[in-house]
Amino acid sequence: MGRAFEYRKARKLKRWGNMSRTFTRIGKEITIAAKAGGPDPDTNPRLRVLMQNAKAANMPKDTVERAIKKATDKDAGDYKEITYEGYGPYGIAIVVEAATDNNTRTVANVRSYFNKHSGTLGTQGSLSFLFEHKSVFKIKPKDGVSIEDLELELIDYGVDEVEPDEEEIVLYGAFEEFANIQKYLEESGYEIISAEFERIPNDLKEVTPEQRVQLDKLLEKFEEDEDVQNVFHNMKEDDSE
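These remarks concern the structure in this document. Predicted model, so just to flag it, every value in this text is computed and none were measured.

Considering the nonpolar core
Counting 18 residues, the largest nonpolar core has Tyr-84, Ile-94 and Phe-222 as its most contacted members. Where this core is concerned, the elements lending two or more residues are strand S1 (80-87), strand S2 (93-100), helix H5 (103-116), helix H8 (209-224) and strand S8 (228-233). For Ile-94, the residues in contact, after removing those within four places along its chain, are Tyr-84, Glu-85, Gly-86, Gly-88, Phe-114, Leu-127, Leu-218, Leu-219, Phe-222, Val-231, Phe-232 and His-233. Judged by nonpolar contacts, the second largest core, of 16 residues, contains Val-159, Val-162, Ile-169 and Leu-171.

Quick word on unusual backbone geometry
Residues other than glycine seldom take positive phi values, yet Tyr-90 does so here, at roughly 65°. Look at Tyr-90 and you get partly exposed, because its relative accessible area is 39%.

Notes on the sheet that holds strand S4 (residues 131-139)
Strand order in the open sheet formed by four strands is S5-S6-S4-S7, and the pairing between neighbours is antiparallel. Of all strands in the sheet, those with a lone pairing partner are strand S5 (159-165) and strand S7 (192-201), marking the two edges. Here the average twist between neighbouring strands, direction ignored, is 25°. As paired elements, S4 and strand S6 (residues 168-174) share six bridges and run antiparallel to each other. Bridge pairing in S6 links Ile-139 to Ile-169. Where helix H6 (residues 147-154) meets the sheet, it contacts S4, S5 and S6, and its direction lies at approximately 155° from that of S5.

Description of the sheet that holds S1
Two strands in a sheet stick together by hydrogen bonds in their backbones, pointing the same way (parallel) or opposite ways (antiparallel). Read across the sheet, four strands follow the order S3-S1-S2-S8 without closing on themselves; strand pairing throughout is antiparallel. Two strands close off the open sheet at either side, each with one partner strand: strand S3 (120-121) and S8. Sheet strands touched by H5: S1, S2 and S3. Its angle to S1, the strand with the most contacts, is close to 20°.

With respect to the pattern of salt bridges
The tally for this structure, following the rule as stated, stands at 13 salt bridges. A salt bridge links Glu-29 to Arg-25, with the nearest nitrogen and oxygen atoms 3.5 Å apart. Of this pair, Glu-29 and Arg-25 both sit in helix H2 (residues 19-37), separated by four residues, roughly a single helical turn. No difference in accessibility class separates Glu-29 from Arg-25, as the two residues are buried. Between Arg-105 and Asp-101 there is a salt bridge, and its shortest N-O distance comes to 3.2 Å. Asp-101 sits in the partly exposed class, given a relative accessible area of 41%. Each of the salt bridges in this network shares a partner with another, and the network as a whole consists of Lys-28, Asp-101, Arg-105 and Asp-227.

Thresholds applied
- Residues numbered from 1 in each chain as written.
- Predicted model: local features only at pLDDT ≥ 70, side-chain atom pairs only at ≥ 80, totals over all residues.
- Heavy atoms only, no water.
- Core = buried A, V, L, I, M, F, W, Y, C linked by side-chain atoms within 4.5 Å.
- Buried < 20%, exposed > 50% of the residue type's maximum accessible area, 1.4 Å probe, protein only.
- Helix = DSSP H or I, 4+ residues; strand = E, 2+ residues; numbered from the N terminus.
- Contact = heavy atoms within 4.5 Å.
- Pairing = 2+ DSSP bridges.
- Axes fitted to C-alpha atoms, helices over the stretch in contact; angles between N-to-C directions.
- Salt bridge = Lys/Arg side-chain N within 4 Å of Asp/Glu carboxyl O.

Right, dumping it as structure tokens:
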């Protein structure tokens, strides 16, 4: 298995464990996509794939519809996607992706979380060299197409890793090739279960059980914040459970 797959496998249950936070995150992404590209999924590829994400997460249809409608609501907040980067205790690099209608509030909260847990908030772009920004698609296998054949089909579209995962296939590709990968999959008749962006660390750092306790407290503060969409770090996950 590839590095990206192993990293994602170790942390996916933590990221999707809380249903209400998952719905909040996807809902904001749907609102942003609908505002940027229109509320019709037939003409808005990004919205179309986010609706698939919502379906995969068992998000109620009326919740999805409310998120789309919110994009045209004049009284709704104007969400902006912002990335914060910093170091937690013991030199663990942390990238926080947020969608917020109040950057002043959100940056104050993020800085406070870092400071109160022996970390520091850095400048935007300061940790980009530590992570690879990837497009990640989960699709249903297609009859008559092997993993090897699929990989050959997709190599020209920026996909560099194809891994089976239970009854699904996970594709990892270049961040900037997201739209091209999605277009190819749809036109070729593949069922897209979900699609998102991941930041895969180039190296993972070992920590002691005691250090992990302190780091987990910081990560939990980010995950509890409703403005935070994703948190990525280069701490080696404890997958012994």
